Amino acid sequence: MVKRGFTILELLISIALVSVVLLLLLRVMMSLEIINHDTSYASDDEIARTEIIRNVESDFLEYHLNGLEIVKGSDRTTLLFMMDEEKRLVIKNDSITYDDEVYTLKSSWASYSLCVNYEYFDLENDYYLVKIVIPVLIDGKNNTRRDDLELTFLGLKNELTSFDNNYAC
Amino acid sequence: MKRGFALLETIVVITFVTVSLLLLYSTFTSMVDNSKKNALYDDATNIYKIYYLKEYLELNGLAFYMNGEDIRKLSCDDFSFASCTQIMDTFSLENLYLVKYGLRDYNQDNYTSSFNNYLKSLANSDDYDYRLVGEFTYEGEYHYASIGVIK
């Protein structure tokens, strides 16, 4: 008798091998998808985030952050940094403006929350600690803190230092 | 007349395809690992936190712990200021280490694999005596940042 095609055993072995490889690939693809969408935003926005943090923190260090005023409007929140040179950071849902530089979000699924978190603590020896967090929303939710813009300052009090202890959005 | 493939032929071809796909898989996996590392290491926010902390600890006796030990895990008990815990919590800092600059050979079993991987990833091209390494936790993930310290 002439043998034609595959036997059932051959087919089963082939299918099993291919399935194992496909499952492995599927797992990798799923992890890539999660990294790409759920927990992060576009790399351009990542770069802009780093740039904003670097510019603001450099000014904190250079001009010394003495106080902070937060003004919340309907479409924007303005942070007024009282330093030797006064600077303002304006947050809109799709952009942040600092020192006349506008950083617009490239990711359509990401937005800035207008509800800023702010904490102030008095430390020993006249030092103080300030933490300001601008939450980044992915699909309207702040699921991950990784993308948030977190600004901190730890400094020595002087005669100009004046911060509110409490702030509620 | 023989038609179709023999089992041996089929297995040889599938083995070849499998090896190729596995190579692809390992490449993808290392790419994913690298992108994760980029997201977890030396974030701008964490670098500034470590900078402020270093400045503050230097005023509170950090130099005392730069005594030749390869890696020193620092805790708030090592310092005499009461707000240490407050700062650690505000900064989401889980652990703080003082590591000899350029350290390569040490007993890795005493530390977590994520900490060991971070130390491995560091370049050691500058002239510092020690490195202050912060281990931050965000949503159960360990993030790292460090800054050089001169004795």
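Quick look at the structure, then. The shown structure was predicted, so the numbers you read here are calculated from the model rather than taken from an experiment.

Each helix and strand counted, chain A has two helices and 10 strands in total. Listing each helix as α and each strand as β along chain A from the N terminus yields α-α-β-β-β-β-β-β-β-β-β-β. Computed over the C-alpha atoms, the radius of gyration of chain A is 25 Å, more than 25% above the 15 Å expected from 2.2 N^0.38 for a compact globule of 169 residues. Looking at chain A as a whole, 19% of its 169 residues qualify as buried. Residue pairs in contact within chain A that sit at least 24 positions apart in sequence constitute 51% of those at least 6 positions apart.

With 21 residues, helix α2 (residues 43-63) of chain A should reach 30 Å at 1.5 Å per residue; the first-to-last C-alpha distance of 30 Å fits that figure. Considered for burial, the residues of α2(A) that qualify are Ala48(A), Arg49(A), Ile52(A), Ile53(A), Val56(A), Glu57(A) and Phe60(A). Seen end-on, α2(A) carries its buried residues on one side only, within an arc spanning 150 degrees. Seen from the open side of α2(A), the exposed residues pointing more than 90 degrees away from its buried face are Ser43(A), Ile47(A), Ser58(A) and Glu62(A). On the buried face of α2(A), the contacting elements are β3 (87-91), β4 (95-98), β5 (101-104) and β10 (149-156) of chain A together with α2 (44-59) of chain B. Just past α2(A), the residue His64(A) takes up positive phi, approximately 65 degrees.

Once that is clear, we can look at the interface of chain B and chain A. Contact with chain B, which involves 29 residues of that partner, is made by 32 residues of chain A. Elements with a minimum of two residues in the side of chain B that touches chain A: α1 (7-40), α2 and α3 (84-90) of chain B. Top contributing element to the side of chain B that touches chain A by residue count: α1(B), with 11 residues. Residues of the side of chain B that touches chain A, tallied by class, amount to 16 nonpolar, nine polar and four charged.

Residue and element names in this part refer to chain B. In space, the four strands of this open sheet follow the order β1-β2-β3-β4, with antiparallel pairing throughout. Only two strands of the sheet have a single partner each, and these edge strands are β1 (71-74) and β4 (141-149). Averaged over all pairs of adjacent strands, the angle between strand axes in this sheet comes to 20 degrees, irrespective of strand direction. Where strand β3 (residues 130-138) and β4 come together, nine bridges link them in antiparallel fashion. Bridge pairing links Thr137 to Tyr142 in β4.

Our next topic: the sheet that holds β5(A). Residues and elements named next belong to chain A. On the basis of which strands lie adjacent, the open sheet formed by five strands has the order β1-β2-β3-β4-β5 and antiparallel pairing. Edge positions in the open sheet fall to β1 (67-72) and β5, since each of these has one partner strand only. Taken pair by pair, the neighbouring strands of this sheet meet at an average axis angle of 15 degrees, ignoring direction. Summarising the sheet, β1 and strand β2 (residues 77-82) pair through six bridges and their orientation is antiparallel. Across the sheet, residue Val71 finds its bridge partner in β2, namely Thr78. Packing against the sheet, α2 makes contact with β3, β4 and β5, and its axis sits at approximately 30 degrees to β4.

The next subject is the nonpolar core. Within the largest apolar cluster, 47 residues are counted, with the highest numbers of intra-cluster contacts made by Ile52(A), Val56(A), Leu79(A), Ile96(A), Leu53(B), Val99(B) and Leu132(B). Ranked by residues supplied to this core, first place goes to α2(B) with six residues. If near-sequence neighbours (up to four positions away) are discounted, Leu132(B) is found in contact with Ile50(B), Lys54(B), Leu96(B), Leu98(B), Ser146(B), Ile147(B) and Val149(B).

A few words now on the packing of α2(A) against α2(B). Between α2(A) and α2(B), the shortest axis-to-axis distance is 9 Å and the interhelical angle comes to 25 degrees. The orientation of α2(A) relative to α2(B) falls into the category roughly parallel. Residue-level inspection shows Thr50(A), Ile53(A), Arg54(A) and Glu57(A) of α2(A) in contact with α2(B), the latter providing Ala44(B), Thr45(B) and Tyr48(B). The residue makeup of the contact of α2(A) with α2(B), split by class, is three nonpolar, two polar and two charged.

A few words on the pairing of β2(A). Residues and elements named next belong to chain A. The hairpin formed by β1 and β2 contains four residues between the paired strands. For β2 and β3, the ladder comprises five bridges, and the chain directions are antiparallel. Bridging from a neighbouring strand, Leu80 pairs with Arg88 of β3. Count of turn residues in the β2/β3 antiparallel hairpin: four residues.

So, how was this worked out
- Residues numbered from 1 in each chain as written.
- Chains lettered and ligands numbered in written order.
- Predicted model: local features only at pLDDT ≥ 70, side-chain atom pairs only at ≥ 80, totals over all residues.
- Helix = DSSP H or I, 4+ residues; strand = E, 2+ residues; numbered from the N terminus.
- Rg over C-alpha atoms; globule rule 2.2 N^0.38 Å.
- Buried ≥ 20, exposed ≤ 12 C-beta atoms within 10 Å, placed from the backbone.
- Contact = placed C-beta atoms within 7 Å.
- Expected span 1.5 Å × (residues − 1).
- Arc of directions from axis to C-beta.
- Nonpolar A, V, L, I, M, F, W, Y, C, P; charged D, E, K, R; others polar.
- Pairing = 2+ DSSP bridges.
- Axes fitted to C-alpha atoms, helices over the stretch in contact; angles between N-to-C directions.
- Core = buried A, V, L, I, M, F, W, Y, C linked by C-beta atoms within 7 Å.
- Parallel < 35°, antiparallel > 145°, perpendicular 65-115°, else oblique.

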